[in-house]
Amino acid sequence: MQSYDPIWDEIYEAGDQLNRYPFSSVVTFLYRHAPRDRARSDIRILEIGCGAGNNLWFAAREGFDVTGLDGSEAAMEFARKRFAEEGLQGEFVTGDFTDLPFDADSFDIVLERGAVSMAPTRAAHKAIEEAARVLRPGGLMYAEIYSDRATTLGREGEDGVLLDTEGPFSGVGQIALYGMRGIADLFKPHLEIINLSHQETIQTEPKPVQIFANWNIICKKAD
């Protein structure tokens, strides 16, 4: 089972999921937790599984030093083109988040929003280990991991993933959903969880009723 599902090449090449604007949760995290004792241009942010670079677009406009990594070259090309057109600085790398091509202790913040959930559990564990490696001591990671409380059904694949899902995650290829113990197993060997919350959105119309659920995690690397 590979860490990156090629279905995302099809999704991005078709123009789907090429989001242009940041997710509010990422905006809130950066507003509350980005270091305030240094110039933003000195604060390095990495997003793994960054997709179209929409979160980093916001961060770059705010003056942060941004780098994005994703398995989809189509998504990376979209992000590079957009940054160039708008005169923004940022680096976008096509790669695998289980083997980050960056030096240890080189980023102040690592972002992850949903990408780790799209990988088998062994790959997810390696991705978090890699994220911790590239974080500087005292650095923070913000992650959103999809929850097993979502109303998602699917065919059981290898290594903890569901395939051919029905529900709020239909059409995304392989996906792994996590309970609270799974979250602890994923992060605690590498990072200290300093904030953990669970969010659920219930869609009542159109039928059937569906629950979209995810964990919001803020972690810190030991000083």
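Just above sits the structure.
Residues numbered from 1 in each chain as written. Predicted model: local features only at pLDDT ≥ 70, side-chain atom pairs only at ≥ 80, totals over all residues. Heavy atoms only, no water.

Draft legend 1. Seen up close, unusual backbone geometry. The peptide bond linking glutamate 205 to proline 206 adopts the cis configuration, its omega dihedral lying at -5°. Here proline 206 lies in the loop between β8 (192-203) and β9 (210-220). Residue proline 208 is bonded to the preceding lysine 207 through a cis peptide linkage, with omega at 0°. Position of proline 208 among the secondary structure elements: in the loop between β8 and β9. A positive phi angle, near 55°, is found at aspartate 164, a position not held by glycine. You can call aspartate 164 exposed: its relative accessible area is 55%. (Helix = DSSP H or I, 4+ residues; strand = E, 2+ residues; numbered from the N terminus. Buried < 20%, exposed > 50% of the residue type's maximum accessible area, 1.4 Å probe, protein only.)

Draft legend 2. Spotlight on the pattern of salt bridges. Tallied over the full model, the rule gives 16 salt bridges. Here glutamate 129 makes a salt bridge to lysine 126, at a shortest N to O gap of 3.7 Å. Linking glutamate 129 with lysine 126, this pair stays in helix α5 (residues 121-134), spanning three residues, or about one helical turn. The exposure class of glutamate 129 is partly exposed, given its relative accessible area of 35%. Residue classification places lysine 126 among the partly exposed residues on the basis of a relative accessible area of 33%. (Salt bridge = Lys/Arg side-chain N within 4 Å of Asp/Glu carboxyl O.)

Draft legend 3. Structural view of the nonpolar core. Core analysis: the biggest nonpolar cluster contains 37 residues, and Phe29, Leu30, Ile45 and Phe83 have the highest contact counts within it. Listing elements by their share of this core, those giving two or more residues are α1 (7-13), α2 (24-33), α3 (54-61), α4 (73-86), β4 (107-113), β5 (135-146) and β9. Residue contributions to this core peak at five residues, all from α3. Dropping the residues within four chain positions of it, phenylalanine 29 is found in contact with Ala34, Ile109, Leu111, Leu140, Tyr142 and Ile218. Core analysis: the second largest hydrophobic core is formed by 34 residues, Val116, Ile128, Ala131 and Ala132 among them. (Core = buried A, V, L, I, M, F, W, Y, C linked by side-chain atoms within 4.5 Å. Contact = heavy atoms within 4.5 Å.)

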